[in-house]
Amino acid sequence: MIPILTMLAPGLIEAGSRLLDRLIPDPAEREKAKLALLQAEGQQALQEMQTSLSAILAEANSADPWTSRARPTFLYVIYGVILLCVLGSILGIWWPAHVFQAAENLNKLLGAVPESLWWLFGTGYLGYTGARSFDKWKVPGR
């Protein structure tokens, strides 16, 4: 429910301000009401920021090693795959038929995964790492 309020908040503040212009004839009282409305908006923004920071801090203080090492572990797996490809090319000097068959099998195996699933994985992974990097860049003191 809060994300919906976050999207609607700017429009609600503007609508509330126009409504106050019509309902409160006294300029001083009207400005006081607008100030209270803006303070409510500021409190909402502060609460959203505290919620985001608490999630980031909870993740950083987690005892689970996978929480902080998921991205590096994924990269290590990719490095391993690259290393196996290099080793396979060297082994291909002596056993070209076996290496070719292994590469063909791997190609067929990976080709069996639907393309949309690869796009979903790539988008999710890049989106996650991008959002995490942006959060770390945006939060002062990190």
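About the thresholds
Residues numbered from 1 in each chain as written. Predicted model: local features only at pLDDT ≥ 70, side-chain atom pairs only at ≥ 80, totals over all residues. Heavy atoms only, no water. Helix = DSSP H or I, 4+ residues; strand = E, 2+ residues; numbered from the N terminus. Buried < 20%, exposed > 50% of the residue type's maximum accessible area, 1.4 Å probe, protein only. Contact = heavy atoms within 4.5 Å. Areas by Shrake-Rupley, 256 points an atom, 1.4 Å probe, with all protein chains shown as cover. UniProt positions renumbered as here; feature names shortened; annotations may be inferred. pLDDT = per-residue confidence, 0-100. 1 Å grid on protein atoms, 1.4 Å probe; cavity = no way out; pocket = protein on both sides within 12 Å on 5 of 7 lines; lining within 4 Å. Points joined across faces, edges and corners; volume = space filled by probe spheres on them. Nonpolar A, V, L, I, M, F, W, Y, C, P; charged D, E, K, R; others polar. Phe/Tyr/Trp six-rings, centres within 6.5 Å; stacked < 30°, edge-to-face > 60°. Expected span 1.5 Å × (residues − 1).

If you tally the helices and strands in the protein, you get five helices and zero strands. The helix and strand sequence of the protein, counted from the amino end, reads α-α-α-α-α. Going through the 142 residues of the protein one by one, you find that 9% of them count as buried. For the protein, contacts bridging at least 24 residues in sequence account for 57% of all contacts bridging at least 6. When the accessible surface of the protein is split by element, carbon and sulfur atoms take 71% of a total near 11600 Å².

Here we take up the UniProt feature "transmembrane region" (unreviewed entry) in the protein. Cross-referencing UniProt, the feature "transmembrane region" (unreviewed entry) maps to residues 74-97 and 117-134 in the present numbering. Between the first and last C-alpha atoms of residues 74-97 the distance is 30 Å; the span itself is 83% helix and 0% strand.

Considering every residue of the protein, the mean pLDDT works out to 76; 77% of them sit at 70 or more. Per-element mean pLDDT across the protein ranges from 61 in helix 1 (residues 2-23) up to 88 in helix 4 (residues 96-111).

Attention now moves to the layout of surface pockets. In this structure, the largest pocket spans a volume of roughly 220 Å³. Lining the largest pocket, in full, are Val81, Leu84, Cys85, Gly88, Val99, Ala102, Ala103 and Leu106. At the level of secondary structure, the elements contributing two or more residues to the lining of the largest pocket comprise helix 3 (65-91) and helix 4. Looking at the lining of the largest pocket residue by residue, the class counts come to seven nonpolar, one polar and no charged.

Now for the packing of aromatic side chains. Under the definition given, this model contains two aromatic pairs. Ring geometry for Tyr76 versus Tyr79: centroids 6.3 Å apart, planes at 55 degrees, classification tilted. With a gap of three residues between them, Tyr76 and Tyr79 both fall in helix 3, about one helical turn apart. By relative accessible area, which is 57% here, Tyr76 ends up exposed. What makes Tyr79 partly exposed here is its relative accessible area of 48%. Ring centres 6.0 Å apart and planes at 25 degrees place the aromatic pair Phe121 and Tyr125 in the stacked group. Remark: Tyr125 and Phe121 occur in helix 5 (residues 115-138); sequence separation between them is four residues, near one turn of the helix.

Moving on, we get to helix 4. Since one α-helical turn is 3.6 residues long, residues separated by three or four positions face the same way. With 16 residues, helix 4 should reach 22 Å at 1.5 Å per residue; the first-to-last C-alpha distance of 22 Å fits that figure. Counted residue by residue, helix 4 has zero buried out of 16 residues, so it is predominantly exposed.

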